[in-house]
Amino acid sequence: MEEPKIHKEAVKELSELSDITPAIEGVSTGTRLDELFFKVEKGKKKSLGGVPKGGVLNIVGVPESGKSVLVEQVAIHQASLGSKILFITTESPAAFLYTALKGKAEAMGIDFSKIEGKMVVVDASMEERLREDLPSLLATLKYAIKSRKTTICIVDSITGLYEHREIMARSIVRRIYNLLKREMQTALLVSQKRSSQAMETPEAAGGLAVAHIVDGTIVLEKRIITTKFEENLYGMSVGEILRTLRIDGCRLCGHDPRPWVVRITDEGLIEIIEPLVDFIKRERKRGEK
Ligand SMILES: Nc1ncnc2c1ncn2[C@@H]1O[C@H](COP(=O)(O)OP(=O)(O)OP(=O)(O)O)[C@@H](O)[C@H]1O
Ligand SMILES: [Mg+2]
């Protein structure tokens with residue numbers, strides 16, 4: 001058996017860490033998600049104005065809940081502010097992603113020609129070796145981050161990396177997470193739910209692996225109104241769709257725990273509108289009149 005090795009570099013005085021500890025600040029998303037993360041300074045809550053910088057967040061939801069819409073919109077918004085974005089696609093081939101991003105930029109009133117150069121795409125959707133061979137993927141991502149000096153990383157979806165080997169989810173996500181952390185990326189990892197998983201939970205393909213490893217989870221829900229009770233509660237009709245977004249947890253800073261009502265516009269933009277509780281209260285008042 002191999003002799004145990006002492007890793008002296010892993011033992012650090014707390015005081016040594018002060019220089020390498022990042023300040024808690026926000027990376028704006030251009031949506032009201034920016035109001036939902038906060039820090040507390042001198043007893044006062046202060047909004048971060050974005051998702052926590054350097055954080056790796058998990059975006060979970062059932063199909064068509066708005067995961068891609070949200071991360072694409074954030075990527076375009078950040079590119080328009082001058083950030084360099086790395087977009088790893090395991091689902092939509094790069095050519096289709098290009099069309100989606102272009103359409104979205106137009107809908108957002110952003111000149112696509114000005115942001116094209118701010119985005120780098122790694123297409124793992126067509127390249128099976130990138131999806132199946134983790135060391136190659138990690139090396140490619142590291143190369144892309146370093147050579148293009150990216151600061152924001154989107155993976156849509158992380159599930160695509162363990163589609164038929166969910167048992168591997170934990171180790172795959174852990175190694176990608178470690179790379180993103182080492183390279184100081186602010187990251188959004190999209191994860192898909194399996195049909196047996198309740199839509200309001202952070203659970204996704206691979207179980208709770210992603211949620212346990214990452215710094216925080218945002219759950220997107222898509223609820224179709226089916227009962228009279230829901231019709232009365234939400235002031236909507238059977239068949240209509242109620243979408244919500246909720247920050248399930250974040251270990252980097254404080255956050256609003258409430259579900260927020262979300263709308264996806266005809267142009268495919270996501271709007272975070274108001275807390276669900278306010279929406280329901282308003283509907284109740286309207287119903288009483
Ligand atoms: N370009 C668009 N124009 C109009 N509506 C759109 C557009 N793109 C998406 N949508 C709407 O947004 C909804 C959510 O789409 P999105 O692609 O974000 O889902 P998702 O959560 O990523 O699903 P999946 O798990 O299947 O990838 C769609 O059902 C559709 O109604
Ligand atoms: Mg998607």
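Here goes a summary of the coordinates provided. Per chain, residues are indexed from 1 in the order of the written sequence. For this description, chains carry letters from A and ligands carry numbers from 1, given in the order in which they are written. Reporting in this predicted model follows two pLDDT cut-offs: at least 70 for local features of residues, and 80 or more for side-chain atom pairs to be given and counted; totals over whole chains, interfaces and linings ignore these cut-offs and use all residues.

Section: the site of ligand 1
Here is step 1: Taken together, 14 residues lie near ligand 1, and Glu64, Lys67, Ser68, Val69 and Gly268 sit nearest.
Here is step 2: Strands here mean DSSP runs of E at least two residues long; helices mean DSSP runs of H or I at least four residues long; both are numbered from the N terminus. The element best represented in the shell around ligand 1 is helix H1 (residues 67-80), accounting for three residues.
Here is step 3: Broken down by class, the residue content of the shell around ligand 1 amounts to three nonpolar, seven polar and four charged. By definition, a residue lies near a molecule or strand provided its backbone-derived C-beta atom is within 6 Å of it. Just so you know the grouping, Ala, Val, Leu, Ile, Met, Phe, Trp, Tyr, Cys and Pro go in nonpolar, Asp, Glu, Lys and Arg go in charged, and all remaining residues, Gly too, go in polar.

A few points about the nonpolar core
Here is step 1: Counting residues in hydrophobic clusters, the biggest one holds 64 residues, and the most contacted among them are Ile59, Ala75, Ile154, Leu188, Leu189 and Val210.
Here is step 2: Here this core gets six residues from one element, more than from any other, and that element is H1.
Here is step 3: Contacts here follow a simple rule: the backbone-placed C-beta atoms of the two residues must lie within 7 Å. For Ala75, the contacting residues outside a window of four places in its chain are Ile85, Phe87, Met119 and Ile154. In these notes, a nonpolar core means any group of buried Ala, Val, Leu, Ile, Met, Phe, Trp, Tyr and Cys residues linked to one another through C-beta atoms within 7 Å. Burial in this document is a count-based property: other C-beta atoms within 10 Å of a residue's C-beta are tallied, and the residue is buried at 20 or more, exposed at 12 or fewer, or partly exposed in between, with C-beta positions derived from the backbone.

A few points about the sheet that holds strand E5 (residues 56-61)
Here is step 1: Two strands qualify as a pair provided that DSSP identifies no fewer than 2 bridges between them. Read across the open sheet, the nine strands follow the order E7-E6-E8-E9-E5-E10-E11-E13-E14; overall the sheet is mixed. Here the strands that pair on one side only, and so sit at the sheet edges, are strand E7 (119-123) and strand E14 (270-275). Going across the sheet, the axis of each strand differs from the next one's by a mean of 20 degrees, ignoring polarity.
Here is step 2: As defined by bridge partners, strand E6 (residues 85-89) adjoins strand E8 (residues 152-156) across five bridges and the pair is classed as parallel. In the sheet register, Phe87 faces E8, and the bridge partner there is Ile154. Working convention: axes come from line fits to C-alpha atoms, limited for helices to the stretch in contact. Angles between N-to-C directions cover 0 to 180 degrees.

Let's talk about the pairing of strand E10 (residues 216-224)
Here is step 1: The pairing of E5 with E10 spans five bridges and is classified as parallel. Paired with Gly61 across the two strands is Leu220, which belongs to E10.
Here is step 2: As defined by bridge partners, E10 adjoins strand E11 (residues 241-250) across nine bridges and the pair is classed as antiparallel. Counterpart to Glu221 in the pairing with E11 is Thr244.

Fair warning: the whole summary comes from geometry, so function is off the table for now.
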